[in-house]
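Tertiary structure, described
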Amino acid sequence: MTAPLIDPFARAITYLRVSVTDRCDFRCVYCMSEDMKFLPKKDLLTLEELDRMCTTFVKMGVEKLRITGGEPLVRRNIMSFFNAMTRHLDSGALKELTLTTNGSQLHRFADDLYAAGVRRVNVSLDTLDDEKFSQITRWGRLKQVLNGIDTAQKAGLRVKINAVALKGFNEAELPTITQWCAERDMDLTWIEVMPMGDIGNENRLDQYWSLKDVRKEYESHYTVSDLAERTGGPARYARLEETGQKIGFITPLSHNFCESCNRVRLTCTGELYMCLGQEDMADLRAPLRDHLDTEAPLEQAIRAAINLKPKGHDFDYSRQAVDGKMSRHMSHTGG
Ligand code: SAM
Ligand code: SF4
C-alpha cells in the first residue's frame, strides 16, 4: 500500500463512488430529460479499465467502493466487475463493496451480488403508488422494483431506501413510506433535489421540498431524536423513538456538510470529480490508457487531483433562483 490520500484540508479520502454507466432503464424527471443523449460507448472505461482504476484507488487507501450510475445493473456483464472486486474484500484492503440502484434488475442479480461480497444496497424509490411511480420514473414499473427488493432481502442483502423529497409529489406519502420501511426493517433516507443537469421542462424550485420541512412533518407524527452518527458524507441521522427506525436526511442545500467529506467520484469515462457540487475534474483515463504496464502515472494523476479537492460546494436556492447549478447530470457523476 502507498501513502494514504489526504486532501489540502486534511481530509482522508477513503471512499470512492464509481459510475459504471451513464445509461439507465428509467428516466426520472429530476435526473434526466426524456430524450437523453448518452455517451459514445468508446468513451466508456471498459470493465477491465474500471478494475485497474478501482484497484489503484484501493492500493492508495480507499476502503469503500460504491458502484452507481446511471443504472449500474444495466451495464453489460457488470457482475464480472463485482466478482473482480471480491479479491479486495478477501484481502481486507476493501472494507465495503456496495451499490446504489433503482432496483429494476435486482431480482436478477441479488444472489450474485451477495456471493460477490456485497452486503448492503441502496434502492432509490420515491413513491409506493403505481401511477406516481410511472410518472416520476417515466419508464419504470413499481412491481418490478418491489420484487427486486424482496429478492434482495431474501438473498441476505440489507436494503436501504433513498427517496428524493419532492414538493407536492410524495409529501403526503411520508407516513406510508416510513411505515413500509419499518415493517420491512429497512432504513430510509430522504434526499433534497439538487440542481444537476438539464431536465427539460421541469423546474427545480417547483420540485424542492426542504428537509427541514420533512423533519417537521416527522415531528408531528413521532418523537425524533438526533443521532451522532456520521458517515463522512452529507447524511445526518435521527431515530423515531416510537418505531426505533433510523431516518437519514441528505441536505446539501439547507445545510453544509463538506468539512468531513471523505469521498471522490469517478465517472464512467474516467473523470474524477473531487466534489459533486463543483465543475472541477481530473482526467484519469489518459494516464490509465497511455500506460498499460505501469500504474505510476495514474497514481500521480490521482494524487494531483486530490490536492485540488475544493473545500466545499456552492449550491444555493436561498435567493429563489438555482445558484451553483451543475451542467452535468447526476447520472454522469453518479449519485
Ligand atoms: N440509477 C440508480 C438509482 O437511481 O439509484 C443510481 C444512480 S442515481 C443518479 C443515484 C441517486 O441520485 C438516486 O437516489 C436518485 O434519486 C438521485 N438523484 C438523481 N438526480 C438527482 C437530483 N437532481 N437531486 C437529488 N438526487 C438525485
Ligand atoms: Fe436512472 Fe437513477 Fe437517474 Fe432515475 S435517478 S433516471 S434510475 S440514474
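Above this text you will find the structure in question.
Residues numbered from 1 in each chain as written. Chains lettered and ligands numbered in written order. Predicted model: local features only at pLDDT ≥ 70, side-chain atom pairs only at ≥ 80, totals over all residues. Heavy atoms only, no water.

Considerations on the site of ligand 2
- Taken together, C24, F26, C28, C31, M32, G70 and N102 form the complete shell of residues around ligand 2.
- Here the residues of the shell around ligand 2 are counted per class, giving 5 nonpolar, 2 polar and no charged. (Near = heavy atom within 4 Å. Nonpolar A, V, L, I, M, F, W, Y, C, P; charged D, E, K, R; others polar.)

Focus: the pairing of strand β2 (residues 64–68)
- In terms of burial, β2 is a largely internal element, 5 of the 5 residues being buried.
- Alternating positions in β2 separate into two faces, K64, R66 and T68 on one and L65 and I67 on the other, with burial throughout.
- Two strands pair when backbone bridges link them, and strand β1 (residues 15–19) and β2 are joined in this way by 5 bridges, in the parallel orientation. Its bridge partner being in β2, Y15 is matched across the sheet by K64.
- Handedness of the crossover is the feature at issue here: the chain leaves β1, passes through helix α1 (residues 47–59), returns alongside β2, and the resulting connection is right-handed.
- Relative to strand β3 (residues 96–101), β2 is paired through 4 bridges, and the arrangement is parallel. Looking at β3, one finds that I67 is bridged to L99.
- Remark: the β2/helix α2 (residues 78–91)/β3 crossover connection has right-handed handedness. (Buried < 20%, exposed > 50% of the residue type's maximum accessible area, 1.4 Å probe, protein only. Helix = DSSP H or I, 4+ residues; strand = E, 2+ residues; numbered from the N terminus. Pairing = 2+ DSSP bridges. Right-handed = clockwise from strand over helix to strand, strands pointing away.)

Digging into the site of ligand 1
- As a matter of local geometry, ligand 1 sits amid 18 residues, with Y30, G70, T101, S124 and M194 nearest to it.
- Summarising the interface, the protein chains cover 95% of the accessible area of ligand 1, which totals 540 Å² for the free molecule.
- Here the shell around ligand 1 is composed, by residue class, of 7 nonpolar, 8 polar and 3 charged. (Areas by Shrake-Rupley, 256 points an atom, 1.4 Å probe, with all protein chains shown as cover.)

Observations regarding the nonpolar core
- Grouped together as the largest cluster of nonpolar side chains are 95 residues, with contacts concentrated most on L16, F82, I161, W190, Y218 and L272.
- Top element by residues in this core is α2. It accounts for 7 residues.
- With residues up to four places along the chain from it excluded, the contact list for L272 reads L16, F57, V264, R265, L266, D280, M281, A282, L284, A305 and I306. (Core = buried A, V, L, I, M, F, W, Y, C linked by side-chain atoms within 4.5 Å. Contact = heavy atoms within 4.5 Å.)

Description of the sheet that holds strand β8 (residues 235–240)
- Taken in spatial order, the 12 strands make up an open sheet running β7-β8-β9-β6-β5-β4-β3-β2-β1-β10-β11-β12, and their pairing is mixed. The open sheet has two edge strands with one neighbour each: β7 (224–226) and β12 (281–283). On average, each strand axis in the sheet is inclined to that of its neighbour by 25°, with strand direction left out of account.
- Summarising the sheet, strand β6 (residues 187–192) and strand β9 (residues 245–250) pair through 4 bridges and their orientation is parallel. Bridged to L188 within β9 is I247. (Axes fitted to C-alpha atoms, helices over the stretch in contact; angles between N-to-C directions.)

A few points about unusual backbone geometry
- The backbone of R138 sits at a positive phi, close to 60°, despite the residue not being glycine.
- Within the secondary structure, R138 sits in the loop between α4 (130–137) and α5 (142–155).
- Overall, R138 belongs to the partly exposed group, its relative accessible area being 23%.
- Unlike most non-glycine residues, D185 shows phi in positive territory, near 55°.
- One can find D185 in the loop between α6 (174–183) and β6.

Re the side chain of K160
- With respect to the helices and strands, K160 occurs in strand β5 (residues 158–165).
- The side chain of K160 sits in the buried core without any salt bridge; D187 is the nearest counter-charge, 7.4 Å away.
- Side chain to side chain, K160 and T189 meet in a polar contact 3.3 Å long.
- Those residues in contact with K160 that lie beyond four places of it in its chain are V121, N122, V123, D187, L188 and T189. (Lys, Arg positive; Asp, Glu negative; His and termini not counted. Salt bridge = Lys/Arg side-chain N within 4 Å of Asp/Glu carboxyl O. Polar contact = N/O pair within 3.5 Å; in protein donor to acceptor, adjacent residues only side chain to side chain.)

Quick notes on the packing of α6 against helix α8 (residues 211–221)
- Two numbers describe how α6 lies on α8: the axes approach to 11 Å, and their chain directions differ by 70°. Between α6 and α8, the interaxial angle falls into the category roughly perpendicular. Facing L174, P175 and T178 of α6, the residues of α8 in contact are V214, E217, Y218 and H221.
- Of the residues in the contact of α6 with α8, the class split is 4 nonpolar, 2 polar and 1 charged. (Parallel < 35°, antiparallel > 145°, perpendicular 65-115°, else oblique.)

Some points on helix α3 (residues 106–115)
- For α3, every residue scored as buried is listed here: L106, F109, A110 and L113. The arc enclosing the buried residues of α3, seen along the axis, measures out at 130°, which places them on a common side. Those residues of α3 that are exposed and aimed more than 90 degrees away from the buried face are R108, D111 and A115.
- Lining the buried residues of α3 we find α2, β3, β4 (120–124) and α5.
- A positive backbone phi angle near 110° is found at G117, which sits one or two residues after α3. (Arc of directions from axis to C-beta.)

Quick word on the pairing of β3
- Burial analysis of β3 places 6 of its 6 residues in the buried class, the great majority of the element.
- Of the two faces of β3, the one lined by E96, T98 and T100 and the one lined by L97, L99 and T101 are each fully buried.

Looking at the pattern of salt bridges
- Within the structure shown, the criterion is met by 17 salt bridges.
- For K132, the salt bridge goes to E173, with nearest N and O atoms at 3.7 Å. Of this pair, K132 sits in helix α4 while E173 sits in the loop between β5 and α6, and the two are 41 residues apart along the sequence.
- Since its relative accessible area comes to 23%, K132 is described here as partly exposed.
- Overall, E173 belongs to the buried group, its relative accessible area being 11%.
- With its nearest N and O atoms 2.7 Å apart, the salt bridge here joins R215 to D226. Placement of R215 in helix α8 and of D226 in strand β7 is noted, with a sequence separation of 11 residues between them.
- Residue classification places R215 among the partly exposed residues on the basis of a relative accessible area of 21%.
- The structure contains a network of salt bridges with shared partners spanning K64, E96 and R120.

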